[in-house]
Amino acid sequence: MSSAACWVLDPFPETTMHTIQHDPARQRFSTEVDGHAAWVDYVLDPAGAVMAITHTIVPPEIGGRGIAGALVQAALEHARAQGWKVDPQCSYADAWMGRHPEFDALRA
């Protein structure tokens with residue numbers, strides 16, 4: 001695992017937010033809550049088989065609402081639908097996956 005940057009305040013499992021958007025060109029899942037953007041960045045390997053989640057960013061103004069978890073889950077569900085494996089380089093994504101064994105089969 002690399003030391004990819006992750007910054008998040010997210011101790012709660014549920015939140016209400018706008019729709020999570022996927023921007024494949026930017027390799028990002030994002031949402032906006034109360035005027036603040038939050039996102040998960042990823043990098044797809046050249047073979048197109050492994051999604052490396054590199055950053056989970058949730059500003060402190062909207063932290064603690066489960067936003068980071070929802071973003072990571074959206075990324076993992078997309079990876080599953082595409083048949084990709086996931087390398088959670090971001091420490092938050094790695095910890096989230098550790099708490100959700102239903103995604104264990106996705107680990108690269």
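Remember, predicted model here, so these are calculated numbers, not experimental data. Sequence positions are assigned chain by chain, starting from 1 and proceeding in written order. Only residues with pLDDT of at least 70 get local features here, since the model is predicted, and only at 80 or more are side-chain atom pairs given and counted; chain-wide, interface and lining totals rely on the full set of residues. Each side-chain value is worked out from all heavy atoms of the structure, with water and hydrogens disregarded.

Definition of nonpolar core: a set of buried residues of the types Ala, Val, Leu, Ile, Met, Phe, Trp, Tyr and Cys, connected through side-chain atoms within 4.5 Å. For each residue, the accessible area found with a 1.4 Å probe, counting protein chains only, is set against the maximum for its type, and the residue is called buried under 20%, exposed over 50%, and partly exposed in between. Counting residues in each nonpolar core, the largest one holds 26 residues, and the members touching the most others are Met51, Ile53 and Leu76. Going along the chain from the N terminus, every DSSP run of H or I of four or more residues is numbered as a helix, and every run of E of two or more is numbered as a strand. Put simply, the parts of the chain that give this core at least two residues each are strand E2 (28-33), strand E3 (36-44), strand E4 (50-57), helix H1 (67-82) and helix H2 (91-99). Only heavy atoms enter the contact rule, under which two residues are in contact if any of them lie within 4.5 Å. For Leu76, the residues in contact, after removing those within four places along its chain, are Ile53, Val86, Trp96, Met97, Phe103 and Leu106.

A word on the packing of aromatic side chains. Two aromatic rings are characterised by how far apart their centres lie and by the angle between their planes. Between the rings of Phe, Tyr and Trp (Trp by its six-membered ring), a pair exists once the centres lie within 6.5 Å; its type follows the angle of the planes, with under 30 degrees stacked, over 60 edge-to-face, and the other angles tilted. Going through the model one piece at a time under the given rule, you end up with two aromatic pairs. Measuring from centroid to centroid gives 5.7 Å for Phe29 and Tyr42, while their planes differ by 40 degrees, and the two rings are tilted. Of this pair, Phe29 sits in strand E2 while Tyr42 is found in strand E3, placing the two residues 13 residues apart along the sequence. Note on Tyr42: relative accessible area 5%, which makes it buried.

What follows concerns the sheet that holds strand E5 (residues 85-88). Strand pairing is defined by DSSP finding a minimum of two bridges between the two strands. The mixed open sheet is built from five strands, whose spatial order is E1-E2-E3-E4-E5. Strand pairing shows two members of the sheet lacking a second neighbour, strand E1 (21-23) and E5, which therefore form its edges. Across the sheet, the axes of successive neighbouring strands diverge by a mean angle of 25 degrees, strand direction being ignored. Only the contacting stretch of a helix is used when fitting its axis, a line to C-alpha atoms as for every element, and angles between N-to-C directions run 0 to 180 degrees. Along the sheet face, H2 touches E4 and E5 and points at about 120 degrees away from the line of E5.

Next up on the list: the pairing of E2. When E1 meets E2, the two strands line up antiparallel, connected through three bridges. In the sheet register, Asp23 faces E2, and the bridge partner there is Arg28. The antiparallel hairpin formed by E1 and E2 contains four residues in its connecting segment, where Gln27 sits at a positive phi of about 50 degrees. Direction of pairing for E2 relative to E3: antiparallel, over a ladder of six bridges.

Further remarks concern the pairing of E4. A large share of E4 lies buried, amounting to six of its eight residues. Taken together, the six bridges between E3 and E4 define a ladder with antiparallel strand orientation. The partner of Val40 across the bridge, within E4, is Thr56. In this structure, the hairpin formed by E3 and E4 is closed by a connection of five residues, where Gly48 is found at a positive phi of approximately 70 degrees. The pairing of E4 with E5 spans four bridges and is classified as parallel.

Honestly, that's just the spatial picture; any functional story needs more than this.
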